[in-house]
Amino acid sequence: MLLDRLNRIISALCRLLSPLLSHLRPNPVNAAMSAAAATTDADGITHRSISANGITLHIAENGTGAPILFIHGFPELWYSWRHQILALSSLGYRAIAPDMRGYGGTDAPREAREYTYCHVVGDLIAVLDELGVEEKVFVVGHDWGAAVAWWLCLFRPDRVKALVNLSVAFTARKKGRRPVEALRGAYGDEYYMCRFQVPGEIEAEIEEAGGANQVLRKFFAYRHPGPLYLPKGALKETIPLPEWLTEQDFAYYCKEFERTGFAGGLNYYRVLNLNWEITAPWTGAQVQVPVKFIVGDVDLTYAMPGVKDYIHKGGMKKDVPFLQEVVILEGVGHFLQQEKPDEISKHIYDFFKTF
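Quick caveat, the model's predicted, so the values are computed rather than measured.

(A) Expanded view of the pairing of strand 4 (residues 66–71). The buried count for strand 4 comes to 5 of 6 residues, which makes it a mostly enclosed element. Bridging between strand 4 and strand 5 (residues 93–98) involves 4 bridges; their strand directions are parallel. In the strand pairing of strand 5, A66 is matched with Y93. Running through helix 3 (residues 82–90), the crossover from strand 4 to the neighbouring parallel element strand 5 is right-handed. In this sheet, strand 6 (residues 137–142) lies alongside strand 4 in parallel orientation, the contact comprising 4 bridges. Residue pairing in the sheet places I68 in a bridge with F138 of strand 6.

(B) Quick peek at the packing of aromatic side chains. Applying the stated criterion across every chain, the model contains 38 aromatic pairs. Each ring, one from W78 and one from Y79, has its centre 5.4 Å from the other, and the planes form 85°; the classification is edge-to-face. Measuring from centroid to centroid gives 6.2 Å for Y117 and W144, while their planes differ by 50°, and the two rings are tilted. Here Y117, found in helix 4 (residues 117–130), pairs with W144, found in helix 5 (residues 144–155); they are 27 residues apart in sequence, far enough to count as distant.

(C) Examining the environment of V168 more closely. Position of V168 among the secondary structure elements: in the loop between strand 7 (160–166) and helix 6 (179–187). For the pair V168 and D299, spaced 131 residues apart in sequence, the C-alpha to C-alpha distance is 9.5 Å. Residues within four places of V168 in sequence aside, it is in contact with D143, A146, W150, F293 and T301.

(D) Representation of the packing of helix 9 (residues 212–220) against helix 10 (residues 247–260) in the model. For the pair helix 9 and helix 10, the least separation of the axes is 9 Å and the interaxial angle reads 125°. It follows that helix 9 is oblique to helix 10 by the angle criterion. Crossing angle aside, the handedness with which helix 9 passes helix 10 is right-handed. Contacts between helix 9 and helix 10 pair A212, N213, L216, R217 and F220 from the former with F250, Y253, C254, F257 and E258 from the latter. Class assignment of the residues belonging to the contact of helix 9 with helix 10 gives a composition of 7 nonpolar, 1 polar and 2 charged.

What counts and how
- Residues numbered from 1 in each chain as written.
- Predicted model: local features only at pLDDT ≥ 70, side-chain atom pairs only at ≥ 80, totals over all residues.
- Heavy atoms only, no water.
- Buried < 20%, exposed > 50% of the residue type's maximum accessible area, 1.4 Å probe, protein only.
- Helix = DSSP H or I, 4+ residues; strand = E, 2+ residues; numbered from the N terminus.
- Pairing = 2+ DSSP bridges.
- Right-handed = clockwise from strand over helix to strand, strands pointing away.
- Phe/Tyr/Trp six-rings, centres within 6.5 Å; stacked < 30°, edge-to-face > 60°.
- Contact = heavy atoms within 4.5 Å.
- Axes fitted to C-alpha atoms, helices over the stretch in contact; angles between N-to-C directions.
- Parallel < 35°, antiparallel > 145°, perpendicular 65-115°, else oblique.
- Left-handed = near helix turned anticlockwise from the far one by under 90°.
- Nonpolar A, V, L, I, M, F, W, Y, C, P; charged D, E, K, R; others polar.

Okay, here's the thing in structure tokens:
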């Protein structure tokens, strides 16, 4: 009987102390992540795969200190931030750069409807949680990554300390026509975003033209401050690489996209209308975090109708009230973090160090 009483007392104590002791035990998810095959590349950047938001994501990471989340665009990878990862980690930051959903070493769900802002912002929040990042993070986005970063700030301003966005200005949700119909009305059917809408169509043209080598050259070398058109057969033309992209770096992109294909990245364009539908509750919402915006003056996004006036005549400041600085880089194109890596790294550091 005495033994039974002792057992009951011990059991009661275990139940009482369990919530406290759980903080001392390794989290099984994080322990599994740490035990997973993490590798370090020649530059000292750590690579690992983690499970988050129902998919497996590849993460590149370097440094310790205040976290910076880097969000890439199309047709890119974590690798687009290679210069900034090394520069900012050397200055005392923890650089975190995932391959976004559909790219590189991250899973690529087949259905386009699985690439909405809700999905990809959910991925990023889950990544931060899995990495144990509890504090607010600095965020840097480019191209589609900039669009996602704007919506990360709208959905979860409680997780963002400050934002540096590159190339893509904030686009407030507008009533009226859906985005694809508006783009088609403005630019026609051969405008690249319109050409990406039908699943399998542009993928077949990419394969026929020669694969990743051709389409990556087309995008990376584009420096015309105007709309990008892709009439049928346009991808067959072999274009020289831009000066800022080495053959070795280009080979990395080609290897990854030859392995994965482009469907994942293209699916972001295929949910333009769906994103418009599901973000209706945020019509008129403002971005309520401190922001620095940087764009090159020969970037096609800067030349879109109305964008310059929106940026410089108060429209963007109205929608992004904590916009603190706008930087226009002369003679710089769309992939500015690779074209001017040191300059962009300095702009990021100079802004974030003030917080």
